[in-house]
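# Structural characterization, general
Here is how the chains run, residue by residue.
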Amino acid sequence: MQPSPLKGAKMKMELNRQTAESALRQASQSNPGPWVDHSRYVAMACENIAERCKNLSAEQAYLYGLLHDIGRYAGVSSERHLLDGYRYCMKRGWEKTAQICISHAFMIQDINTSIGRFDMSDADYQFMKEFVAEAVYDDYDRLVQLCDALALPAGFCFLEKRFVDVTIRYGLHPATIDRWKKILEIKAMFEKEIGCSIYRLLPGVVENSLARAEEA
């Protein structure tokens, strides 16, 4: 896989709640929008589910969820925010978080399943294509993929509501149904692990699912 060029010198920063929350606050000032509240709900969902999983750290899961969309700090974009997030995290030495900035959008490891626009250079597209194909996913990647589909800016929701919300905004794609199936497969995997419905761990999910969707 070709290395992705990083802008500026690489620095090593400890990733904890303080640094993650600070990063999100600064990003929200650079590019305010519903994505910030969406990120917070994704983080809470990750934490709540990970607490019931034997092999996951709830703290790590929270941080990965909180920063999965951090690339939106660079402004309004489509798939470029994935690479912007990857570079942002790699620059700070947060390698797993950097992977999740890309992997959360590819529950199916094929760049052709993207529902967004590749608003980036040919070199960046090639890097992302190879990265997605070669990345080794673990349960943190899968957890963020699931929780990204459980969170609207106003709170938690049923997967089906999020599916419709995203499809209305992005339109139908040849991979849409396969993406839904993969998320439902991941949901079933985590429910087997925790021994209950994931919805029991998401406060307000029924009320938010009945409310109007907002853009994330």
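The structure this text deals with has already been given above.
An account of the accompanying structure is given in this report. Position labels on residues start from 1 in each chain and follow its written sequence. Predicted model: local features are reported for residues with pLDDT of at least 70 only, side-chain atom pairs are reported and counted for 80 or more only, and whole-chain, interface and lining totals are derived from all residues. Heavy atoms from the whole structure form the basis of all side-chain values; hydrogens and water molecules are not counted.

## Side note on the side chain of Q145
Quick reminder of the rule: Only DSSP runs of H or I covering at least 4 residues are called helices, and only runs of E covering at least 2 are called strands; the numbering of each starts at the N terminus. Buried residues are those whose accessible area, probed at 1.4 Å on protein chains only, stays under 20% of the maximum for their type, while exposed residues exceed 50% and partly exposed ones sit between those limits. By the convention used here, residues are in contact when the closest approach between their heavy atoms is within 4.5 Å.
Along the polypeptide, Q145 turns up in helix α7 (residues 139–148). For Q145, a relative accessible area of 1% puts it in the buried group. Ignoring any residue separated from it by four or fewer positions in sequence, one finds Q145 in contact with S103, H104, F106, M107, Y137, I183 and I186.

## A closer look at the environment of E193
With respect to the element layout, E193 can be found in helix α9 (residues 176–194). Note on E193: relative accessible area 37%, which makes it partly exposed. With 95 residues separating them in the primary sequence, E193 and A98 have C-alpha atoms 26 Å apart.

## Structural notes on the pattern of salt bridges
Worth spelling out the cut-off: Counted as salt bridges are all cases of a side-chain nitrogen of Lys or Arg within 4 Å of a carboxyl oxygen of Asp or Glu.
Tallied over the full model, the rule gives 14 salt bridges. The salt bridge partner of E59 is R17, with a shortest N-O separation of 3.0 Å. Linking E59 in helix α3 (residues 58–67) with R17 in helix α1 (residues 17–30), this pair joins segments that are 42 residues apart in sequence. Residue class for R17 comes out partly exposed when judged on its relative accessible area of 29%. One salt bridge in this structure joins D124 and R87, with 2.7 Å as the shortest N-O distance. Highlighted residues: D124 in helix α6 (residues 122–134) and R87 in helix α4 (residues 80–91), separated in sequence by 37 residues. Take D124: its relative accessible area is 12%, and that puts it in the buried class.

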